[in-house]
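Listed below are the residues making up each chain.
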Amino acid sequence: AHPSKQFILGGMMYVGGGGDFVRFSRGEYTYTVYSSSGQNGRDNAIPWNREGVTVRKDGKLLSNLLCKDAALSSDGWSKIYAAKLPADDDRSQEP
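Residues numbered from 1 in each chain as written. Predicted model: local features only at pLDDT ≥ 70, side-chain atom pairs only at ≥ 80, totals over all residues. Heavy atoms only, no water.

Quick look at the overall build of the protein now. Counting its regular elements, the protein contains 1 helix and 6 strands. Mapped in sequence order, the helices and strands of the protein form the string β-β-β-β-β-α-β. When each of the 95 residues of the protein is scored for burial, the buried share is 27%. Carbon together with sulfur atoms contributes 52% to the accessible area of the protein, which is approximately 6,400 Å² in total. (Helix = DSSP H or I, 4+ residues; strand = E, 2+ residues; numbered from the N terminus. Buried < 20%, exposed > 50% of the residue type's maximum accessible area, 1.4 Å probe, protein only. Areas by Shrake-Rupley, 256 points an atom, 1.4 Å probe, with all protein chains shown as cover.)

Structure representation (structure tokens):
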């Protein structure tokens, strides 16, 4: 199948931030690469950044692997956006 049929692009919204993710499934496993950032603390003075990969089996979280560096380069995310993947419109979902 064409990659656009296998991957889903989504977004997350937080108070003071948000992020993006790309998700695909293989059998009963679902993999999500995500990047999120925001600010919290008094006057939103404390920035944070979290990037990683989650692995789920039948919807149950098995692992959340945090990246030491960026999950994808900015060029990588640009290519994902340009691919015009189907959107996951449920912004309440965590990756």
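Here 6 strands make up an open sheet; going across it, the order is 5-4-3-2-1-6 and the pairing mixed. The open sheet has two edge strands, strand 5 (60–66) and strand 6 (87–88), and neither has a second partner. Bridge analysis of strand 1 (residues 7–14) against strand 6 gives 2 bridges, and the strand direction is parallel. Across the sheet, L9 pairs through a bridge with A87, a residue of strand 6. In the packing of helix 1 (residues 74–82) onto the sheet, the strands contacted are strand 1, strand 2 (17–26) and strand 3 (29–40), and the crossing angle to strand 2 comes to about 65°. (Pairing = 2+ DSSP bridges. Contact = heavy atoms within 4.5 Å. Axes fitted to C-alpha atoms, helices over the stretch in contact; angles between N-to-C directions.)

It is worth spelling out the pattern of salt bridges at this point. When charged atoms on two side chains of opposite charge get close, those side chains can pair. Using the criterion set out here, one finds 2 salt bridges in the structure. Close ionic contact of K57 with E28 constitutes a salt bridge, the shortest N to O distance being 3.5 Å. In this pair, K57 sits in strand 4 (residues 46–57) while E28 sits in the loop between strand 2 and strand 3, placing the two residues 29 residues apart along the sequence. You can call E28 partly exposed: its relative accessible area is 39%. (Salt bridge = Lys/Arg side-chain N within 4 Å of Asp/Glu carboxyl O.)

The next thing to look at is the pairing of strand 3. Alignment of strand 2 against strand 3, held across 10 bridges, turns out to be antiparallel. Its bridge partner being in strand 3, G17 is matched across the sheet by G38. Where strand 2 folds back onto strand 3 in an antiparallel hairpin, the turn is made up of 2 residues, including G27, whose phi is positive at roughly 65°. Relative to strand 4, strand 3 is paired through 12 bridges, and the arrangement is antiparallel. In the strand pairing of strand 4, G38 is matched with W48.

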